[in-house]
Amino acid sequence: MDRLIFRLADIEEADLVQAISARAYIPAYTAVIGVAPKPAFEDCRPRNERGEVWMAALGTEPVGILVMEDAPNHILIYSVALEPSHQGKGLAKAILGQAERIARGKGKPELRLYTNQKMRANLRLYSNCGFSELRRRPHPSRDSDPKHGPDRDLINDLEPVELNDREHWFLARVSEGGRCGAKEIMVVWEVSLKTARRDIQGLQRARLLE
């Protein structure tokens, strides 16, 4: 399998973002709670323009979407969507890992998201990725219809990791979708190749790089 590559979605890819979201959300949610969530139908253009949408691709094939909103003290994962044909392969966990790298690159101590309590597979995935329940609340657009059950707000407190300036720079480059390696660290920061490789190994030990 090709390596999963992340990049910011282009503005003109809004229809593709919405289509992937619809294919991911509609069958999964309607089968469990009878309705599909907002990302399945939302016009993504404003989010694309704000730089909130990341495309996950295997080679040149777009297979997933990550949508995040910046808050003062955390990042909210608004949407994670994966093409049904690529589900069950560990790619959703990889997308959440990208969200963690972006949050750390921005110096945010928390990742937050929400999901419906009946979406058991989602809850298992998020728990396996380090999220814990913060609170339960009615969905704002369905608070008069109890059959769907409450939403669960989940939080992932990111353990502090001491990074040097080179590692912060490298992590930011990777989170932005740029191709970067030890040689780039060596050239930009004027350090030895051994030092550059040690920086990358430190990020890998901290599980900030695959």
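Residues numbered from 1 in each chain as written. Predicted model: local features only at pLDDT ≥ 70, side-chain atom pairs only at ≥ 80, totals over all residues. Heavy atoms only, no water.

### Some thoughts on the overall build of the protein chain
Next, step 1: Assigned secondary structure in the protein chain consists of seven helices and seven strands.
Next, step 2: Reading the protein chain from its N end, one meets helices and strands in the order β-α-α-β-β-β-α-β-α-β-β-α-α-α.
Next, step 3: Burial status across the protein chain gives 48% buried among its 210 residues.
Next, step 4: Taking contacts inside the protein chain between residues at least 6 apart in sequence as the whole, the part at least 24 apart equals 61%.
Next, step 5: Surface accessibility of the protein chain: about 11,400 Å² in total, with carbon and sulfur atoms responsible for 50%. (Helix = DSSP H or I, 4+ residues; strand = E, 2+ residues; numbered from the N terminus. Buried < 20%, exposed > 50% of the residue type's maximum accessible area, 1.4 Å probe, protein only. Contact = heavy atoms within 4.5 Å. Areas by Shrake-Rupley, 256 points an atom, 1.4 Å probe, with all protein chains shown as cover.)

### Considerations on the packing of aromatic side chains
Next, step 1: Taken as a whole and assessed by the stated rule, the structure comprises three aromatic pairs.
Next, step 2: Centre to centre, the rings of Tyr-126 and Phe-131 are 6.0 Å apart; their planes meet at 65°, and the pair counts as edge-to-face.
Next, step 3: For Phe-131, a relative accessible area of 7% puts it in the buried group.
Next, step 4: Between Trp-169 and Trp-189 the ring centres are 6.4 Å apart and the planes differ by 75°, which places this aromatic pair in the edge-to-face class. In this pair, Trp-169 sits in helix α5 (residues 165-175) while Trp-189 sits in helix α6 (residues 182-189), placing the two residues 20 residues apart along the sequence. (Phe/Tyr/Trp six-rings, centres within 6.5 Å; stacked < 30°, edge-to-face > 60°.)

### Some remarks on the packing of helix α3 (residues 91-105) against helix α4 (residues 120-128)
Next, step 1: Packing of α3 against α4 leaves a shortest axis separation of 10 Å and a crossing angle of 50°. Judged by the angle between their axes, α3 and α4 are oblique. α4 is crossed by α3, and the crossing has right-handed handedness. Counted together, Ala-92, Lys-93 and Leu-96 of α3 and Leu-125, Tyr-126 and Asn-128 of α4 form the full contact between these two elements. (Axes fitted to C-alpha atoms, helices over the stretch in contact; angles between N-to-C directions. Parallel < 35°, antiparallel > 145°, perpendicular 65-115°, else oblique. Left-handed = near helix turned anticlockwise from the far one by under 90°.)

### A few points about the nonpolar core
Next, step 1: Leu-4, Leu-66, Met-68, Ile-77 and Ile-95 are the most contacted members of the largest nonpolar core, which totals 25 residues.
Next, step 2: When contributions to this core are tallied by element, the ones reaching two or more residues are β1 (4-8), β2 (53-58), β3 (61-70), β4 (75-82), α3 and β5 (110-116).
Next, step 3: Top contributing element to this core by residue count: α3, with eight residues.
Next, step 4: Excluding its chain neighbours within four sequence positions, the residues that come into contact with Ile-77 are Leu-66, Val-67, Met-68, Leu-96, Ala-99, Leu-111, Arg-112, Leu-113 and Phe-131.
Next, step 5: Grouped together as the second largest cluster of nonpolar side chains are 18 residues, Ala-9, Val-17, Val-53 and Ile-65 included. (Core = buried A, V, L, I, M, F, W, Y, C linked by side-chain atoms within 4.5 Å.)

### Notes on the side chain of Glu-13
Next, step 1: Position of Glu-13 relative to the elements: it lies in the loop between β1 and α1 (14-32).
Next, step 2: With relative accessibility at 12%, the residue Glu-13 sits in the buried group.
Next, step 3: For Glu-13, the side chain forms a polar contact with the main-chain nitrogen of Asp-10, separated by 2.8 Å.
Next, step 4: Apart from residues no more than four positions distant in its own chain, Glu-13 is found in contact with Arg-7, Asn-48 and Met-55. (Polar contact = N/O pair within 3.5 Å; in protein donor to acceptor, adjacent residues only side chain to side chain.)

### Some points on α1
Next, step 1: Here α1 spans 27 Å end to end across 19 residues, near enough to the 27 Å set by a 1.5 Å rise per residue.
Next, step 2: In the structure, α1 departs most strongly from a straight axis at Tyr-25, where the bend amounts to approximately 30° and where the proline Pro-27 lies between one and four residues downstream.
Next, step 3: Among the residues of α1, Ala-14, Val-17, Ile-20, Ser-21, Ala-22, Ala-24, Tyr-25 and Tyr-29 are the ones counted as buried.
Next, step 4: Close packing links the buried residues of α1 with α2 (45-50), β2, β3, β4, β5 and α4. (Expected span 1.5 Å × (residues − 1). Bend = angle between axes of the 7 residues up to and from the residue.)

### Side note on a nonpolar patch on the surface
Next, step 1: On the surface, a nonpolar cluster with roughly 280 Å² of combined accessible area is contributed by Val-187, Val-188 and Trp-189.
Next, step 2: With respect to the helices and strands, the residue Val-187 is situated in helix α6. (Patch = residues over 30% accessible without salt bridge, like charges linked within 9 Å, V, L, I, M, F, W, Y side chains within 5 Å. Salt bridge = Lys/Arg side-chain N within 4 Å of Asp/Glu carboxyl O.)

### Observations concerning the pattern of salt bridges
Next, step 1: Overall, the coordinates contain 13 salt bridges when judged by the stated rule.
Next, step 2: For Arg-45, the salt bridge identified is with Asp-43, shortest N-O distance 3.1 Å.
Next, step 3: Ionic pairing is found between Asp-70 and Lys-108, a salt bridge with its closest N-O pair at 2.6 Å. Within this pair, whereas Asp-70 is found in strand β3, its partner Lys-108 is found in the loop between α3 and β5, the two being separated by 38 residues in sequence.
Next, step 4: On the basis of relative accessible area, Asp-70 is assigned to the partly exposed category, the value being 49%.
Next, step 5: Each of Glu-42, Arg-47, Arg-50, Glu-52 and Glu-69 takes part in one network of salt bridges that share partners.

All quantities given are derived from atomic positions and should not be read as evidence of function.
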